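# Architecture at a glance
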Amino acid sequence: MNVDDVKRIAIIGAGDMGHGIAACFLQSGFTVTLRDIEQKFIDRGVAGIRSSFERFISKGKMTQEEYNAAFSGLITEVDLNKAAKDADFIIEAIPEDLKLKQNLFSELDKYAPGHAILATNTSNISITEIASATQRPDKVIGYHFFNPAVLMKLVEVIKGQKTSDESIKIGYDLAKKIKKLPVIVKKDSPGFIYNRVNESTSVLLSKILEEGHPTPEEFDAAFKSLMAMAPFELIDYVGIDILVHGMMYFAQAVSKEYMPSEELLTYVKSGNLGKKTGKGFYDWSHGRPVIDTSKATKEYDINHLIALQVNEATKLLAENVCDDPKEIDIAMANGGGSPFGPFALAQSIGYPVLVNKLEELYNKFKLEIFKPTAIMKEGNIKV
Ligand SMILES: NC(=O)c1ccc[n+]([C@@H]2O[C@H](COP(=O)([O-])OP(=O)(O)OC[C@H]3O[C@@H](n4cnc5c(N)ncnc54)[C@H](O)[C@@H]3O)[C@@H](O)[C@H]2O)c1
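In this text, all values refer to a predicted model and were calculated from it rather than measured experimentally. Throughout, a residue's number is its position along its own chain's written sequence, starting from 1. Predicted model: local features are reported for residues with pLDDT of at least 70 only, side-chain atom pairs are reported and counted for 80 or more only, and whole-chain, interface and lining totals are derived from all residues. Side-chain metrics in this entry use all non-hydrogen atoms of the structure; hydrogen atoms and water are not considered.

### Let's talk about the site of the ligand
Here a residue is near a molecule or strand as soon as one of its heavy atoms is found within 4 Å of it. Surveying the vicinity of the ligand reveals 21 residues, the closest of which are Arg35, Asp36, Glu96, Lys101 and Ser123. Residue Asp36 places a side-chain N or O atom 2.7 Å away from an oxygen atom belonging to the ligand. The contact in question runs from an oxygen atom of the ligand to an N or O atom on the backbone of Ile94, over 3.3 Å. Isolated, the ligand exposes 830 Å² of accessible area, and the fraction of that covered by the protein chains is 78%. Of all elements in the fold, only helix H1 (16–27), helix H2 (39–58) and strand S6 (140–145) reach the threshold of two or more residues within the shell around the ligand. Its residues assigned to classes, the shell around the ligand shows 8 nonpolar, 7 polar and 6 charged. What qualifies as a polar contact is a pair of N or O atoms within 3.5 Å, subject to a donor-acceptor requirement within protein and to the restriction that residues adjacent in sequence count only when both atoms come from side chains. Surface exposure here means Shrake-Rupley accessible area, sampled with a 1.4 Å probe, where a residue is shielded only by the protein chains that are shown. Think of it this way: any DSSP run of H or I at least four residues long counts as a helix, any run of E at least two long counts as a strand, and we number them from the N terminus. Under the grouping applied here, Gly and all other residues not named as nonpolar or charged are polar, the nonpolar ones being Ala, Val, Leu, Ile, Met, Phe, Trp, Tyr, Cys and Pro and the charged ones Asp, Glu, Lys and Arg.

Structure representation (structure tokens):
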């Protein structure tokens, strides 16, 4: 099979990611079957697609004819068998739970045509473990879109232990066909590229809460002018529970050092999850919090955060998760808000400056995660 044989897409899960991914394929003229467990969840997903397209129309990025053409390709279906039986490429976007995903993949394996590729939009979970629930692990790939999928360009195309090169190529070419920017992740490793590189920052924030200083606002105030959203504010926006869930996964899959601190867990236990509950590190009940930049801490600066990212990125090279630093930079620049990837930043700041920042963090917190790697100390990666 090659990419031109892929005509019919099925998306399983019509939530935040599923409906966004469906919209991307509809816009590119594919026939898309959107499936969820109940009609009301499908209806919510379809309303989400409609609202994205209406925004495109109001901004002049889509015509009414294109809107009609895109919607004419949409099929909705609650029955999994019917959703899967004619599909050439199926993308799963159901909640982040291994057992749930394995059960679904085992069913998809029964219902989908033999040639169909089964892709998972998991954020962190092992592709190999999900694929093990099927008789076609060669046709199971990771297909990690970013939120909101209609706007974010990056798609990580991840190879499980048994995934064939042909399946990866089809996934890669298909992402290009829908005008995304695919990056191949050669080895199945927790968090793949983008989430892995960012996870050590989560550990730093968790440790800062444990220490009790600086406060989230004092910390964020130091970064407010440099980022669209400062680090604690961003977690509040995404959901503290999502952060904790990711850290727990890393703690079990990579190292205990990723375990969230008790202080961080307290927010989840008390139901203060951030924007969605009205309160997290900040009070969101009157809208976006105002951060007083005059309170900025002098203990941390942007180079601490860049150093953590570059250090993790060098681990991806050492572990052969990705062998091209330019690809890592493309992934990092397109999965988030920064115009530059970690290696380009390291080149302009200078590796010794960043190594010093890591040593400072290591001496303060005594965590191996923060220790500068050999590649970091050599400091000669050029992009
Ligand atoms: N939200 C993000 O920012 C983001 C970004 C990248 C990847 N992801 C990953 O994408 C996946 C989906 O996340 P989300 O944020 O869209 O979740 P969500 O909770 O918004 O949506 C999940 C949907 O799946 C449905 N569902 C549950 N079991 C199902 C089943 N067996 N068959 C069909 N539908 C089922 C639910 O009813 C719900 O509508 C997760 O693995 C998540 O880690 C999320």
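Once you've had a look at it, read on.
### Considering the packing of helix H15 (residues 342–349) against helix H16 (residues 351–365)
Between two packed helices, both the angle of their axes relative to each other and the distance between the axes serve to describe the pair. Fitted lines through C-alpha atoms give the axes, limited to the stretch in contact for helices. The angle between two N-to-C directions lies from 0 to 180 degrees. Two numbers describe how H15 lies on H16: the axes approach to 6 Å, and their chain directions differ by 105°. Considering the angle they form, H15 stands roughly perpendicular to H16. In this structure, H15 uses Phe343, Ala346, Gln347 and Ile349 to contact H16, whose residues at the interface are Tyr351, Val353 and Leu354. An angle below 35 degrees is read as roughly parallel, one above 145 as roughly antiparallel, one from 65 to 115 as roughly perpendicular, and any other as oblique. In this description, contact between two residues means that some pair of their heavy atoms is separated by no more than 4.5 Å.

### Observations concerning the pairing of strand S8 (residues 181–185)
When strand S7 (residues 154–159) meets S8, the two strands line up parallel, connected through 5 bridges. Looking across to S8, one finds that Val155 is bridged to Pro182. For the handedness criterion, the strands are oriented away from the viewer, and a crossover whose path from the first strand over the helix to the second runs clockwise is classed as right-handed. Handedness of the β-α-β unit built from S7, helix H7 (residues 165–177) and S8 comes out right-handed. Criterion used throughout: strands pair if DSSP finds at least two bridges between them.

### Describing the packing of aromatic side chains
The description of an aromatic ring pair rests on the distance of the ring centres and on the angle between the ring planes. What counts as a ring pair is set by centres within 6.5 Å for rings of Phe, Tyr and Trp (its six-membered ring), and what kind of pair is set by the plane angle: stacked under 30 degrees, edge-to-face over 60, tilted for all other angles. Inspection of the entire model under this criterion finds 15 aromatic pairs. When the centroid spacing of 5.5 Å and the interplanar angle of 80° are considered together, the rings of Phe25 and Phe30 count as edge-to-face. The residues Phe25 and Phe30 share a single accessibility class, namely buried. Aromatic ring contacts, followed pair by pair, group Phe219, Phe223, Phe232, Tyr267, Phe281 and Tyr300 into a single cluster. Positioned above the aromatic ring of Phe71 is the side chain of Arg50, whose terminal nitrogen or guanidinium carbon lies 4.6 Å from the ring centre. Partly exposed residues are those whose accessible area sits between 20% and 50% of the maximum for their type, while under 20% is buried and over 50% is exposed, using a 1.4 Å probe and protein chains only. By definition, being over a ring means that NZ of Lys or CZ of Arg is both within 6 Å of the ring centre and within 35 degrees of the ring normal.

### Here we look at the pattern of salt bridges
Pairing between side chains of opposite charge can happen when the charged atoms of each approach one another. The term salt bridge refers to a pairing of a side-chain nitrogen on Lys or Arg with a carboxyl oxygen on Asp or Glu at a separation within 4 Å. Following the criterion strictly, the structure yields 22 salt bridges and no others. Two residues, Lys101 and Glu96, come together in a salt bridge whose shortest N-O distance is 3.8 Å. Lys276 serves as the salt-bridge partner of Asp241, at 2.9 Å between the closest nitrogen and oxygen. With Asp241 in helix H11 (residues 240–253) and Lys276 in the loop between helix H12 (262–269) and helix H13 (302–318), this residue pair connects regions lying 35 residues apart in the sequence. One network of salt bridges, with partners in common, ties together Arg196, Glu312, Lys315 and Glu319.

### Let's talk about the packing of helix H8 (residues 194–211) against H12
Where H8 contacts H12, the axes come no closer than 7 Å and their chain directions differ by 95°. With respect to each other, H8 and H12 are oriented roughly perpendicular. Contacts from Ser206, Leu209 and Glu210 of H8 reach H12 at Glu263, Leu264 and Tyr267. By residue class, the composition of the contact of H8 with H12 is 3 nonpolar, 1 polar and 2 charged.

### Side note on a nonpolar patch on the surface
Residues qualify for a patch when their relative accessible area is over 30% and they have no salt bridge, like charges being joined within 9 Å and the nonpolar side chains of Val, Leu, Ile, Met, Phe, Trp and Tyr within 5 Å. Among the surface-exposed residues, Leu234, Tyr237, Val238 and Ile242 lie close enough to one another that they form a single nonpolar patch of about 370 Å² accessible area. Of the residues forming the nonpolar patch, the biggest block, 3 residues, is contributed by helix H10 (residues 231–238). On the basis of relative accessible area, Leu234 is assigned to the partly exposed category, the value being 40%.

### Examining the domain arrangement of the chain
Taken as a whole, the chain is organised into domain 1 (3–185), domain 2 (194–295) and domain 3 (302–378). By convention here, the domain bounds are inherited from an automatic or database domain assignment. Taking the mean C-alpha position of each, domain 1 and domain 3 sit 31 Å from one another. Listed as interface residues are 8 residues of domain 1 and, on the opposing side, 8 residues of domain 3. Viewed at the interface, domain 3 and domain 1 are joined by 0 salt bridges. Seen at the junction of domain 1 and domain 3, the total is 0 residue pairs in polar contact (both at pLDDT 80 or more). With 4 residues, the top contributor of residues to the side of domain 1 that touches domain 3 is S8. Of the residues contributing to the side of domain 1 that touches domain 3, the split by class is 7 nonpolar, no polar and 1 charged.

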